[in-house]
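Breakdown of the fold
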Amino acid sequence: MTRIAGLASNRGRNLLNLAETTDAEVAVLLTNREDAPILDAAAERGVPTETVVQDEGESRREHERRVVEALSAHEFDLVCLDGYMRILTDEFLDSVPTTLNVHPSLLPAFPGADAHGQVLDAGVRVTGCTVHVVTDATDSEGRIDHAKVDSGPIVTQEAVPVYEDDTEEELKRRVLSEGEFRAYPRAVRWFAEGRVDVGSDGVRIDGDSGGTFPARRSVSGDRATDLRYGENPHQDAALYAEPSDGPSVVEAEQVNEGAKALSYNNYNDADAALALIREFDRPAAAVIKHANPAGCALGDSVADAYDRALSTDPMSAFGGIVAINRECDRETADAITDSFKEVVVAPGYTDDALGVLRESENLRVLDVGAFGPDDEGERALAEKPLAGGRLVQERDWRRVSPDDLEAVTEREPTDEERETMAFAWSVAKHVKSNAIVLADGTETVGIGMGQVSRVDAVRLATMKAEEHAEGKGPERTVMASDAFFPFPDGVEAAAEAGVAAVVQPGGSVNDEDVIAAADREGMAMAFTGSRCFRHD
């Protein structure tokens, strides 16, 4: 257990928070004021205290020698300052273990006293706090060198927004609760875990070598707009903008002036639609409803692709989101406006197309700009907030080509089936798990999404193909599954509906039984070797 010597001149709220939120033990609390409120708080908690007031005429170094002497009666591994209103010299720092301080700004910006006032005077929109190693900020004669104050190596920081109507007191309160109460315990935990190396060249944190998931991470964004409401009318919501590596519905220009603003759900669905069509190099179109594809297809043109995508499930497509990966022309615009849609997403529009789309008063028309190279967005991360934290992962940019597929059944898939397998797999990546996609050529026929049973997802996809698809059906289709089949029943249900071939990750303990079921039905099956779950 890490033992802390805490130094404070006032209430020491950060030190009290460290005692409550970490496994560290506050071995002693020292103050330079006889009336410091931290003394009563420490007494209530049974924490030993020391008071060392600087005598009149006593030098800084002489006072520090007495502080070190008072602390020598206690065992500790780390010194933590909390509003200790003294500039420390090497007289103290060289006599004790590493000393940390928390400063109420994002250093090196706004060091020294009155950080909150400096922040408000500067008009910045983001401030925060910094936990840093304390270093000597005096010259050879013991005088304060203000250029050295709060200049020690940074251990961690926490960003906090600055609001237009903030007062110094309100900003101070929020930086403490949202910044210091998070950053200081984090730094102490890292020291307790032995992950911090303080050297002459600065601070190094184990695991903080850069890369996708550094040990220290800061996320910020600017509020782009308030939304009418969230997923439901009783939920308030807003949109925050962050830098993007590729096309983005957040940064897209809304080119149908006068249409109502996009809603929370519109943004969510439009983002899902954009992610799906970026899978394909050929002209592609997708219709999205509740962040799931109602249909997706490739074609000789985007008008052809849209027609094929719409015919998968035109009933579900009502009120949906349309995305295409080529400039939208008039033919495509005419088809899109033939039934009610909420949003169109495309990398550009012809003047004729805009003329048609703008006739639909409340159709939101987003121009996301030209797509870049295939790898342009690979640095982007997907995040999901949790109570008390957030999950962060790389986006699933993995593509599967026909040549990547491993045939595992007696009947090998034909070249055409392999092409369809690769297409269906690309769509399945964007369907909520459990996900099943039936495809014919390069167009979807039936989609089963969000089921807790994989065999139910198969039944839903085949039902959709039989009852909702226009001019399509499950017979002779290829089925893609986002994860392995744990039992043969899913394959058997697909065979009963007339499915001819299956692509799935493989890897189940029952793979042999599943393959045997496919062989009995004369189906072709191929493994991708990896799954493509989508749980959000």
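Residues numbered from 1 in each chain as written. Predicted model: local features only at pLDDT ≥ 70, side-chain atom pairs only at ≥ 80, totals over all residues. Heavy atoms only, no water.

**A word on the overall build of the protein**
Within the protein, the secondary structure is distributed over 15 helices and 25 strands. In terms of C-alpha radius of gyration, the protein reaches 31 Å, well past the compact-globule figure of 24 Å for 536 residues. With respect to the principal axes defined by its C-alpha atoms, the protein has extents near 95 × 60 × 40 Å. In the protein, buried positions account for 49% of the 536 residues. Once local pairs closer than 6 in sequence are excluded, the contacts in the protein between residues at least 24 apart make up 55%. In the protein, 53 side chains carry a positive charge and 102 a negative one; their mean positions are 2 Å apart. (Helix = DSSP H or I, 4+ residues; strand = E, 2+ residues; numbered from the N terminus. Rg over C-alpha atoms; globule rule 2.2 N^0.38 Å. Buried < 20%, exposed > 50% of the residue type's maximum accessible area, 1.4 Å probe, protein only. Contact = heavy atoms within 4.5 Å. Lys, Arg positive; Asp, Glu negative; His and termini not counted. Charge placed at Lys NZ, Arg CZ, Asp CG, Glu CD.)

**Digging into the nonpolar core**
Counting 48 residues, the largest nonpolar core has Phe-280, Val-345, Leu-366, Val-427 and Val-437 as the members making the most contacts within it. For this core, the element with the highest residue contribution is helix α7 (residues 264-277), accounting for seven residues. Beyond its immediate chain neighbours, meaning those up to four positions away, Phe-280 contacts Cys-296, Leu-298, Asn-325, Arg-399, Phe-423, Ser-426 and Val-427. Leu-18, Phe-110, Val-188 and Val-196 belong to the second-largest nonpolar core, a separate cluster that totals 36 residues. (Core = buried A, V, L, I, M, F, W, Y, C linked by side-chain atoms within 4.5 Å.)

**Here we look at the packing of helix α13 (residues 454-467) against helix α14 (residues 489-497)**
Contact geometry for α13 and α14: axes closest at 8 Å, N-to-C directions at 15°. The angle between α13 and α14 falls in the class roughly parallel. With respect to the hand of their crossing, α13 and α14 are arranged in right-handed fashion. Between α13 and α14, the residues in contact are Val-455, Val-458, Thr-462 and Glu-466 and Asp-489, Gly-490, Ala-493, Ala-494 and Ala-497, respectively. In the contact of α13 with α14, the residues fall into five nonpolar, two polar and two charged. (Axes fitted to C-alpha atoms, helices over the stretch in contact; angles between N-to-C directions. Parallel < 35°, antiparallel > 145°, perpendicular 65-115°, else oblique. Left-handed = near helix turned anticlockwise from the far one by under 90°. Nonpolar A, V, L, I, M, F, W, Y, C, P; charged D, E, K, R; others polar.)

**Brief notes about the packing of aromatic side chains**
All chains considered together, the criterion is met by two aromatic pairs. Relative to Phe-423, the ring of Phe-280 has its centre 5.6 Å away and its plane inclined at 35°; by these criteria the two rings are tilted. Note that Phe-280 is positioned in the loop between α7 and β13 (284-289) and Phe-423 in helix α12 (residues 415-428), a separation of 143 residues in sequence. Phe-423 matches Phe-280 in its accessibility class, with the two residues each being buried. When the centroid spacing of 5.3 Å and the interplanar angle of 55° are considered together, the rings of Phe-318 and Phe-340 count as tilted. (Phe/Tyr/Trp six-rings, centres within 6.5 Å; stacked < 30°, edge-to-face > 60°.)

**Structural notes on unusual backbone geometry**
The omega angle of the peptide bond from Leu-107 to Pro-108 is 10°, so this bond is cis rather than trans. Of note, Pro-108 is situated in the loop between β5 (99-103) and α5 (115-122). Cis peptide bonds are those with omega within 30 degrees of zero, and the linkage from Ser-433 to Asn-434 qualifies with -10°. Within the element layout of this structure, Asn-434 appears in the loop between α12 and β21 (436-440). In this model, Ala-291 sits at a positive phi of 65°, which is unusual for a non-glycine residue. Assignment of secondary structure puts Ala-291 in the loop between β13 and β14 (292-298). On the basis of relative accessibility, which here comes to 7%, the residue Ala-291 falls in the buried class. The phi dihedral of Arg-476 falls on the positive side, at around 65°, and the residue is not glycine.

**Regarding the packing of α5 against helix α6 (residues 168-192)**
In the contact formed by α5 and α6, the axes pass within 9 Å of each other and the chain directions differ by 115°. Overall, the two elements α5 and α6 adopt an arrangement that is roughly perpendicular. At the point where α5 passes α6, the crossing takes the right-handed sense. Together, His-116, Gly-117, Val-119 and Leu-120 of α5 and Glu-168, Leu-171, Lys-172 and Val-175 of α6 make up the contact between the two elements. Residue classes in the contact of α5 with α6 are distributed as four nonpolar, two polar and two charged.

**Some words on helix α8 (residues 302-310)**
Listed as buried for α8 are Val-302, Ala-303, Ala-305, Tyr-306, Ala-309 and Leu-310. For α8, the buried positions fall inside an angular range of 160° around the axis, keeping them on one side. Next to the buried residues of α8 lie β13, β14, α9 (314-317), β15 (320-324), α10 (330-336) and β16 (341-346). (Arc of directions from axis to C-beta.)

**Here we look at the pattern of salt bridges**
When the charged atoms of two side chains with opposite charge come close together, those side chains can pair. Here the structure, examined in full by the defined rule, presents 29 salt bridges. The partner of Lys-464 in a salt bridge is Asp-313, with the nearest N and O atoms 3.0 Å apart. One end of the pair, Lys-464, is in helix α13; the other, Asp-313, is in the loop between α8 and α9, and 151 residues separate them in sequence. Residue Lys-464 is classed as buried on the basis of its relative accessible area, which comes to 15%. You can call Asp-313 buried: its relative accessible area is 6%. The closest approach of N and O atoms between Arg-330 and Asp-334, which form a salt bridge, is 3.6 Å. Taken together, the residues span about one helical turn, with Arg-330 and Asp-334 both in helix α10 at a distance of four residues. Overall, Arg-330 belongs to the partly exposed group, its relative accessible area being 46%. One continuous salt-bridge network, built from bridges that share partners, spans Arg-61, Arg-65, Asp-90 and Glu-91. (Salt bridge = Lys/Arg side-chain N within 4 Å of Asp/Glu carboxyl O.)

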